[in-house]
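If you want the building blocks of each chain, they are given just below.
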Amino acid sequence: MKKGVMRPGHVQLRVLDMVEALEHYVELIGMVEVDRDEQGRVYLKAWTETDKFSLVLREADEPGMDFMAFKVLDEATLDRLGEELLAFGCLVEHVPAGELKGCGRRIRFSSPSGHLFELYADKELTGKWGLEPVNPEAWPRGLKGMRAVRFDHCLLYGDELDETLRLFTEVLGFTLAEQVLDGDKRIAQFLSLCMKAHDIAFIHHPEKGRFHHASFYLETWEDVLRAADLISMTDTAIDIGPTRHGLTHGKTIYFFDPSGNRNEVFCGGDYHYPDHPVVTWTVDQLGKAIFYHDRELNERFLTVLT
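Residues numbered from 1 in each chain as written. Predicted model: local features only at pLDDT ≥ 70, side-chain atom pairs only at ≥ 80, totals over all residues. Heavy atoms only, no water.

**Side note on the overall build of the protein chain**
(1) Moving on: Secondary structure summary: the protein chain contains six helices and 17 strands in total.
(2) Moving on: Computed over its C-alpha atoms, the radius of gyration of the protein chain comes to 18 Å, within 12% of the 19 Å expected for a compact globule of 306 residues.
(3) Moving on: Overall, the protein chain is about 50 × 45 × 45 Å in size when its C-alpha atoms are taken along their principal axes.
(4) Moving on: Here the analysis covers contacts within the protein chain between residues at least 6 apart in sequence; of these, 69% occur between residues at least 24 apart.
(5) Moving on: Surface accessibility of the protein chain: about 13400 Å² in total, with carbon and sulfur atoms responsible for 51%. (Helix = DSSP H or I, 4+ residues; strand = E, 2+ residues; numbered from the N terminus. Rg over C-alpha atoms; globule rule 2.2 N^0.38 Å. Contact = heavy atoms within 4.5 Å. Areas by Shrake-Rupley, 256 points an atom, 1.4 Å probe, with all protein chains shown as cover.)

Spelled out as structure tokens, the structure:
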């Protein structure tokens, strides 16, 4: 793809209490705290990630997502995409290097669905946590909780899905991997940059800019079952699972951080290449598409948003 967007880079979430949030994301999910800044934001990463951070937490009066960012190929690509975003009609803001610690300049833009996204080309490379860059061991000792492997994707709720799809495919170079159709109307879309099942997903909702979940990848089904045990051990609020999706066929569990932001940990799932046909589910099978085993929708999954 000529567009030059490579992969998800980071997400910034709002939390109500930083101490409680860090107990959740570090001790339970297993992220590693790597830095803090003058604004009070805390930076975290999963152990396999080579960039300095992938999750930023900001204490605020209400939970939710501030923005999600994607890494692009180089500075020239960043400039070109900034111009293309303006031509598309997006509101674009230039954020200087260093506003996020260890991250270069960013281009922030709004999508038709009402969400804020960022593009950047440069971020400090710190390597996989706890492993040497030469002759690394299989995994580092000292991992906590669920031992999250990477920040994987976000699912967002909002309107104007057709225009949002056009933005992500025509300007940013994503491909549509899976969808849910209600007649000829698309009510869910799962978009991929490479061979993952999805890097970002949107579900139709009458209100713009709502956050559904941030997802973290685990290696095996046994790891997902172990995550469920840890959720019970810590009396963490659970949404549903462990179960399997019909969409993407990933094996999953959903739960909430102390501020009410939904998290997912999952493993497995389909792969996608740009030449693959779009996988389609119909709305009459929506329960099976979302929760393949139960085949019924969990009301919280559709209505609890931040």
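**Describing a nonpolar patch on the surface**
(1) Moving on: A contiguous nonpolar surface patch, about 320 Å² in accessible area, is contributed by Met 195, Tyr 271 and Tyr 273.
(2) Moving on: Here Tyr 271 is to be found in the loop between strand 16 (262-268) and strand 17 (279-282).
(3) Moving on: The class of Tyr 271 is exposed, set by a relative accessible area of 53%. (Patch = residues over 30% accessible without salt bridge, like charges linked within 9 Å, V, L, I, M, F, W, Y side chains within 5 Å. Salt bridge = Lys/Arg side-chain N within 4 Å of Asp/Glu carboxyl O. Buried < 20%, exposed > 50% of the residue type's maximum accessible area, 1.4 Å probe, protein only.)

**A look at the pairing of strand 10 (residues 175-182)**
(1) Moving on: Burial analysis of strand 10 places six of its eight residues in the buried class, the great majority of the element.
(2) Moving on: Pairing of strand 10 with strand 11 (residues 185-192) involves seven bridges; the strand directions are antiparallel. Bridge assignment links Asp 182 to a residue of strand 11, and that residue is Lys 185.
(3) Moving on: Where strand 10 folds back on strand 11, the antiparallel hairpin that results is connected by two residues, among which Gly 183 adopts a positive phi of roughly 70 degrees.
(4) Moving on: Where strand 10 lies against strand 17, four bridges are found, and the strand directions are parallel. Bridge pairing in strand 17 places Leu 181 opposite Thr 282. (Pairing = 2+ DSSP bridges.)

**Some remarks on the sheet that holds strand 4 (residues 55-59)**
(1) Moving on: Spatial strand order, 2-3-4-1-5-8-7-6: eight strands in an open sheet with mixed pairing. Unpaired on one side and paired on the other, strand 2 (32-36) and strand 6 (92-95) mark the two borders of the sheet. This sheet shows a mean twist of 25 degrees between the axes of neighbouring strands, independent of strand direction.
(2) Moving on: Two strands pair when backbone bridges link them, and strand 1 (residues 5-15) and strand 5 (residues 64-72) are joined in this way by eight bridges, in the antiparallel orientation. Bridge pairing in strand 5 links Pro 8 to Phe 70.
(3) Moving on: In the packing of helix 1 (residues 18-28) onto the sheet, the strands contacted are strand 1, strand 2, strand 3 (42-45) and strand 4, and the crossing angle to strand 4 comes to about 160 degrees. (Axes fitted to C-alpha atoms, helices over the stretch in contact; angles between N-to-C directions.)

**Quick look at the pattern of salt bridges**
(1) Moving on: Under the defined criterion, the tally for this structure stands at 29 salt bridges.
(2) Moving on: Here Asp 66 ties to Arg 14 by a salt bridge, and the two come within 2.9 Å at their closest N and O atoms. With Asp 66 in strand 5 and Arg 14 in strand 1, this residue pair connects regions lying 52 residues apart in the sequence.
(3) Moving on: Its relative accessible area of 15% is what places Asp 66 among the buried residues.
(4) Moving on: Given a relative accessible area of 14%, Arg 14 falls into the buried group.
(5) Moving on: Among the salt bridges present, the one from Arg 108 reaches Glu 93, with a minimum N-O distance of 3.6 Å. Residue Arg 108 is found in strand 7 (residues 106-110), and its partner Glu 93 is found in strand 6; the two are separated by 15 residues along the sequence.
(6) Moving on: A relative accessible area of 15% places Arg 108 in the buried class.
(7) Moving on: Of the residues examined, Glu 93 reaches a relative accessible area of 41% and is grouped as partly exposed.
(8) Moving on: Via salt bridges that share partners, Asp 37, Arg 41, Glu 93, Glu 99, Arg 106, Arg 108 and Glu 118 belong to a single interconnected network.

As far as function goes, none of this settles anything; it's purely spatial.
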